[in-house]
Structures are given as C-alpha cells and as structure tokens.
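Okay, here's what each chain looks like letter by letter:
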Amino acid sequence: MFRTHTNGELSLHHIHQEVTLAGWVQTIRDKGFVIWVDLRDRYGITQLVFDEDRSSKELIEKAKKLGREFVIQVSGKVIERASKNPKIPTGEIEILVNELTVLNASELPPFTIEDDTDGGEELRMKYRYLDIRRNPVKDKLIFRHQMAQKVRNYLSDKGFIEVETPVLIKSTPEGARDFVVPSRMNAGQFYALPQSPQTFKQLLMVGGMDRYFQIVKCFRDEDLRADRQPEFTQIDCEMAFVEQEDVLHIFEGLTATLLKEVTGKDFGQFPRMTFDEAMRKYGNDKPDIRFGMEFVELNEWVKGRDFKIFDDAELVVGINVEGKADYTRKQIDALVDWVKRPQVGATGMIWVKFQNDGTLTSSVNKFYGEEDLKNIAEKFGAKAGDLMLIMSGDAHKVRTQLSALRMELGNQLGLRKGDEFAPLWVVDFPLLEWDEETGRYHAMHHPFTSPKPEDIPLLAAEPGKARANAYDLVLNGNEIGGGSVRIFDKALQAKMFDLLGFSKEEAEAQFGFLMNAFKYGAPPHAGLAFGFDRLVAILDGNEVIRDYIAFPKNNSGRDVMIDAPSPIADEQLDELFLKVDVKE
C-alpha cells in the first residue's frame, strides 16, 4: 500500500498514529540540523520533518538529496507542530519521518508549481501536466467534475436517458466549418466530426426515447477566442411530446439547481425578454442584466439641429453612466479611442454631463443649447452627477458598438461581478436572416427550428418576418444554452429547406435520412444544448473556458504540448488517397 492517508486529511485527531504518505515534493527548507519538506498531492499538503535528534543520519542524508517535484513515499508518526499554519487543513500537525523512499526523481520543472507561478501561459500549456498540479487548475477541473455530476443526477431524476451518438458523421453545409476525416475504405469520401448531435437526437425522438441527454464532445473549425475552442463539450438534450414551456421549465430548474450549489441561494423564476426587446435595450441578444445602462433612443430629440452626424444617422442612441459626470477629458477621450478601435469600428462618440451643480454641458454645445440638453437628460432619466454617452449611425452597427461600450464600462466600473448571477431567457428570435453575399436566407438557429405556429402563414409571402419557436438561456452576458421546438412535419421541413435555398436533390442528399424517419410517425419534440465549458466557467466566476479544460488548445487551435496538428507520413496520405502540396 503506497499510502494510508492523503496529504489533506491528517489532523490532531491522528496524533501518535503511524501513517504512510505519498506525493510530490513541493518545497524543502534545510536548516542544517532540521529539514522540513512539504509533501503535496491533489488533496493538500502535509509537512514532513527530519531532525538530527530524532532521525537517523542516513535518513537525513536521503532527505538532503530531495528536489522539487520528486515523487516520494514516507512513513512516520503524526506529531503536533510547534509552529502551526492555520492556512491549510493539516497545519496543526507534521510527520516525523522514519522511512523515506524516492519513487521517482524529477528534473527541475520549467516553472514553479505553486498557486502564484512564474510560468507564462504558453509555457504552462506546453507543460500542462505540470500546470494541473497547481491548485488553481486542479480546483477548476474538480469543480467541472462536480457540475457534471449535478447535471447527470438532475436529468436522470427527471427521466432523461443518456445515449451516446456517433462521432464520425456526415458533413452538412449549415453552421460553422466541419472538421473532416478522410475514409481509407471509401476513396475520396469523408466523415465529419459533429458540430452537435442535432439530427441524431431528433432520430432518438422518432425512436421513442422521449427524454434524451448526453454530455458530449462537439467540434467546430472556426476562428478562436478566449471563450471558444475547436473541440468543446455540450449538455445536449431533447424531449418528445413537449412545447416550449415544458423545455424552459426543465432547464430553468437545472440551471437554478447548479446556481444554488454555487451560491447557496434559491433563484426564482427567470425573467424573459424577446429578441427585439434585447436588441432595443442592450444592442445584443445576450445582455448582461446585472447592471443598468439600458439604451435610450434619441432621434426625435436631437435631429434637425444642423448637427450633420446626428441628422444623417439612421439611429441616435445612448447610455447613462450614473455618477460619472466627474470623468475628466482624458478619461472620456480614452473611451472615444476605445470605440474607434477596429474591433468596435465607431467613428466617434458624443458626451453630455449633468454636473453636480445642476448645469448641463456637452461636447456639442455649439449645436445644442441648455434647453435641448435638459430634454436629452430628461429622456435619459439622468440626475445630477450622471454622464450620458451617445453614438449614431446605421441602426444595427451602432447598437452593436454601443453594446460593446456598455460591456466595457461594466468591466471598468466593477459592475460585472463574478459572484453575482443574473439568468435570463431570450425568446422569439427571427427564424431566418438574409445574407447579402449569398443572396439567400440562412437559418438563425438551424434548419430544423420550427416557426412560431402563428407565423407559419408568413413563410409564403414575408418569410423574413417569421419568428422562430426558439429560446436562449443567458447568464451574466453570455449565452450558456439555446434550443428550439423542432419541425416534425415533413411538408413544413421541405418548405424550410426550400426557403434556405436547398434544391430537392440537395435536401435529399443532406437530410434524406431524417426526412425518411419523419414518414414513420415523428412526435412533436424540442430540445436545448448548454455549452458546458462556458457554463462551468461562469458558475465559477470566470468567462475564459480554457482554464476549465484539462488539455486545451491555444488561440491558434494548436495543442502545444503534443504539437498538434502535425504532418502525417506519406504512406498514410497514400492510404487515404490524399496528396498534400503545402507551399512555403
């Protein structure tokens, strides 16, 4: 037996017991006549002691040869520490070692294995197996495990069955780019890795598995960000014989259960907001409602004053930043520069200050007098001490730009607190969006999303006005889940394919298997998928999902630890009927 106890469980209750421990050497403090060693495993740290009075000379010599990250086994007696450490659970005891075995020596690691490490991100990703030994990473992976267990328990208790679906599937043209896998046995043909198990879970509903879930890996070959990885994990779910309200009830309950696990608080019914309302009030479909700064539209109050920037704009809109009229010109200029960055793309920003003495001033005093500014301030509901920031331009672009500014101010002002949670359902999305480049409609969600029943007549004459029977769950300004009521009628599904520009032959080639299944009694069904990596990160007070993945990719989609992707041998390329000619 390598150990009788872990390094996180011993206390004064174990005094005088003989124990055996194993783990990694965290630190060594050699005072000549006494040596202390901190022994670490994933459960904690226990202090070991070797001294001249109580340890053999041979044992002390062995202890002197230890290095950081050596894997060792020790046996000894639990004794009370003279100098206690209240910061760790084992801080009242130490082990007087009487036997030491080096199980494996270690080279000096490339960075210190401590909470506050000296290793940069790229270096730590290269040696991720070492980084996992550090508490900040280890604790995130344990937290992820705990959330996964809660999810499985909740859904199992609600009658859901976990079913695995295929990983090698058929490539489809909708959505993001697929990762493709060449087939050796079928020359010139390819599998795709699933972006989601969408069609398979619908087929499971046809098969009578009326409540399905899966915690499943999905793959998308798209540009990466801090909150996006080429492979990610979903909580994928589908239900038969349900309507939208049934789905929202179940998964609101799941989210509330996870939130209570983290906060200890009960969350009441989640608020709901239509897509149109979210865009009008916050400029995006996943608003962070932990703080205010709702958009105020100003067209009727500011046009016709010979200020060309406003007069020529489709939309003039702004936000009120409470209590920040004392912002200096330098601070405001910094915000103007921020919105002018290419990532935001604004041409500028106007400000109005409601001074603490009750007077109003602005960056456009030349065009707007005191009475105009009073009307603007009244429209904002501003009070003395507030700062109003206004942008103008194309309606869609300016809403997006102002939304980015609102979120940036939320971060700067400490309004987006990791330990505060504000869930929100966003509903009634557009069913379709027009793509000028391709000259056709694309599905806002996916081609299997049902229109709202009352909007089905619009598909014939005004398809762009039809709303989807779809819903997203938003938490702290992040979409953590989304789904829809599915089309289960073959004729309606064929109509949808037609609107999306699929010929009958293309629809049959891509989705014929699903259409054929619908001939045999498809039940009404609906579903939802959570982005599990993102959900876990937000529940833990963060937004960067990479920290919650054991072996993540970097921002270029590379695994720097195993050096992937990488070339493969010519023999393999020949077997797969591939010829690669990569020019330098």
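Given the structure is predicted, the values throughout are model-derived calculations rather than measurements.

### Here's the deal with the overall build of the chain
- Counting secondary structure elements, the chain contains 17 helices and 22 strands.
- Projected onto its principal axes, the C-alpha coordinates of the chain cover approximately 90 × 75 × 55 Å.
- Taken over 584 residues, the chain has a buried fraction of 48%.
- A separation of at least 24 residues holds for 66% of the contacts in the chain among residues at least 6 apart in sequence.
- Carbon together with sulfur atoms contributes 49% to the accessible area of the chain, which is approximately 29,600 Å² in total.
- Distance between charge centres in the chain, computed from 75 positive and 95 negative side chains, equals 2 Å.

### Quick word on the packing of aromatic side chains
- Counted by the stated rule, this structure contains 15 aromatic pairs.
- An angle of 70 degrees between the planes, with centres 5.6 Å apart, marks the rings of Phe497 and Phe502 as edge-to-face.
- Arranged with centres 5.9 Å apart and planes meeting at 75 degrees, the rings of Phe502 and Phe511 form a pair that is edge-to-face. No difference in accessibility class separates Phe502 from Phe511, as the two residues are buried.
- Taken together through their ring pairs, the aromatic side chains of Phe307, Phe310, Phe367 and Tyr368 make up a single cluster.

### Comments concerning the sheet that holds strand β10 (residues 231–240)
- In spatial order, the strands read β6-β9-β10-β22-β21-β20-β17-β11; together these eight strands make up an open sheet with mixed pairing. Each edge of the open sheet carries a strand with a single partner, namely β6 (161–162) and β11 (272–274).
- The pairing of strand β21 (residues 478–485) with strand β22 (residues 525–531) spans five bridges and is classified as antiparallel. The residue bridging Ser484 from the neighbouring strand is Gly527, located in β22.

### Section: the UniProt feature "binding site: L-aspartate" (unreviewed entry) in the chain
- The sites that UniProt annotates as "binding site: L-aspartate" (unreviewed entry) are Glu174, Arg220, His445 and Arg486.
- For His445, the location among the structural elements is in the loop between β19 (440–443) and α13 (458–461).
- Not counting residues within four places of it along the chain, the set of residues in contact with His445 comprises Phe429, Ala470, Asp472 and Gly483.

### Considering the UniProt feature "binding site: ATP" (unreviewed entry) in the chain
- When the UniProt feature table is mapped to this numbering, "binding site: ATP" (unreviewed entry) covers Arg220, Asp221, Glu222, Gln229, Glu479, Gly531, Phe532, Asp533 and Arg534.
- Mapped onto the elements of the fold, Glu479 is located in strand β21.
- What Glu479 contacts, discounting residues up to four positions off in sequence, is Lys286, Asp472, Leu473, Val474 and Arg534.
- On the secondary structure map, Asp533 appears in helix α16 (residues 532–539).

### Digging into the layout of surface pockets
- Each pocket or cavity is described by its volume, and for the second largest pocket that value is around 410 Å³.
- Around the second largest pocket, the lining is made up of 17 residues, and of these Phe275, Met279, His396, Pro430 and Met444 lie nearest the centre.
- A total of four residues in the lining of the second largest pocket trace back to one element, the largest contributor, which is helix α12 (residues 395–412).

### Considerations on the pattern of salt bridges
- One pass over the structure, following the stated rule, counts 42 salt bridges.
- One salt bridge connects Arg68 with Glu114, and the closest N-O pair in it is separated by 3.3 Å. Taken together, the residues Arg68 in the loop between α1 (57–64) and β4 (71–80) and Glu114 in the loop between β5 (93–104) and α2 (121–126) connect sequence positions 46 residues apart.
- Among the salt bridges present, the one from Lys217 reaches Glu231, with a minimum N-O distance of 3.0 Å. Pair noted here: Lys217 is in strand β9 (residues 211–219) and Glu231 is in strand β10, with a separation of 14 residues, a long-range link.
- Assessed through its relative accessible area of 25%, Glu231 is described here as partly exposed.
- Through salt bridges with shared partners, a single ionic network connects Asp428, Lys452, Glu454, Asp455 and Arg467.

### Observations regarding the sheet that holds strand β2 (residues 34–41)
- A barrel is described by the order of its strands in space; here five strands give the closed sequence β1-β2-β3-β5-β4, paired in mixed fashion. On average, adjacent strands in this sheet sit at an angle of 55 degrees to one another, irrespective of strand direction.
- Across the sheet, α1 touches β1 (18–30), β2, β3 (44–51) and β5, and the angle it forms with β5 is around 70 degrees.

### A short note on the domain arrangement of the chain
- Entries for the chain in the domain assignment read domain 1 (12–104), domain 2 (115–262 + 529–583) and domain 3 (291–413).
- The centre of domain 1, based on its C-alpha atoms, is set 63 Å off from the matching centre of domain 3.

### Regarding the packing of helix α14 (residues 490–499) against helix α15 (residues 504–518)
- For the pair α14 and α15, the least separation of the axes is 11 Å and the interaxial angle reads 165 degrees. With respect to their mutual orientation, α14 and α15 come out roughly antiparallel. Note that α14 runs across α15; the crossing there is right-handed. In this structure, α14 uses Lys490, Gln493 and Phe497 to contact α15, whose residues at the interface are Ala507, Phe511, Met515 and Phe518.
- Looking at the contact of α14 with α15 residue by residue, the classes come out as five nonpolar, one polar and one charged.

### Focus: the environment of Ile545
- Inspection of the secondary structure assignment puts Ile545 in the loop between α16 and α17 (570–575).
- On the basis of relative accessible area, Ile545 is assigned to the buried category, the value being 3%.
- The spacing of Ile545 and Thr263 is 282 residues in sequence and 20 Å in space, taken between C-alpha atoms.

### Concerning the pairing of β9
- Where burial is concerned, most of β9 is hidden: seven out of the nine residues are buried.
- Two elements, β6 and β9, share two bridges in a ladder whose sense is parallel. Note that in β9 the partner of Ile161 across the bridge is Tyr212.
- Alignment of β9 against β10, held across nine bridges, turns out to be antiparallel. Bridge pairing links Ile215 to Ile235 in β10.

### So, the side chain of Asn320
- Turning to its location among the elements, Asn320 is positioned in strand β13 (residues 315–321).
- The class for Asn320 is buried, based on a relative accessible area of 10%.
- Within the local environment of Asn320, its side chain forms a polar contact with the side chain of Asp386, the two groups lying 3.1 Å apart.
- Apart from residues no more than four positions distant in its own chain, Asn320 is found in contact with Met293, Phe380, Ala382, Asp386, Leu387 and Met388.

Scoring rules and cut-offs
- Residues numbered from 1 in each chain as written.
- Predicted model: local features only at pLDDT ≥ 70, side-chain atom pairs only at ≥ 80, totals over all residues.
- Heavy atoms only, no water.
- Helix = DSSP H or I, 4+ residues; strand = E, 2+ residues; numbered from the N terminus.
- Buried < 20%, exposed > 50% of the residue type's maximum accessible area, 1.4 Å probe, protein only.
- Contact = heavy atoms within 4.5 Å.
- Areas by Shrake-Rupley, 256 points an atom, 1.4 Å probe, with all protein chains shown as cover.
- Lys, Arg positive; Asp, Glu negative; His and termini not counted.
- Charge placed at Lys NZ, Arg CZ, Asp CG, Glu CD.
- Phe/Tyr/Trp six-rings, centres within 6.5 Å; stacked < 30°, edge-to-face > 60°.
- Pairing = 2+ DSSP bridges.
- UniProt positions renumbered as here; feature names shortened; annotations may be inferred.
- 1 Å grid on protein atoms, 1.4 Å probe; cavity = no way out; pocket = protein on both sides within 12 Å on 5 of 7 lines; lining within 4 Å.
- Points joined across faces, edges and corners; volume = space filled by probe spheres on them.
- Salt bridge = Lys/Arg side-chain N within 4 Å of Asp/Glu carboxyl O.
- Axes fitted to C-alpha atoms, helices over the stretch in contact; angles between N-to-C directions.
- Domains from an automatic or database assignment.
- Parallel < 35°, antiparallel > 145°, perpendicular 65-115°, else oblique.
- Left-handed = near helix turned anticlockwise from the far one by under 90°.
- Nonpolar A, V, L, I, M, F, W, Y, C, P; charged D, E, K, R; others polar.
- Polar contact = N/O pair within 3.5 Å; in protein donor to acceptor, adjacent residues only side chain to side chain.

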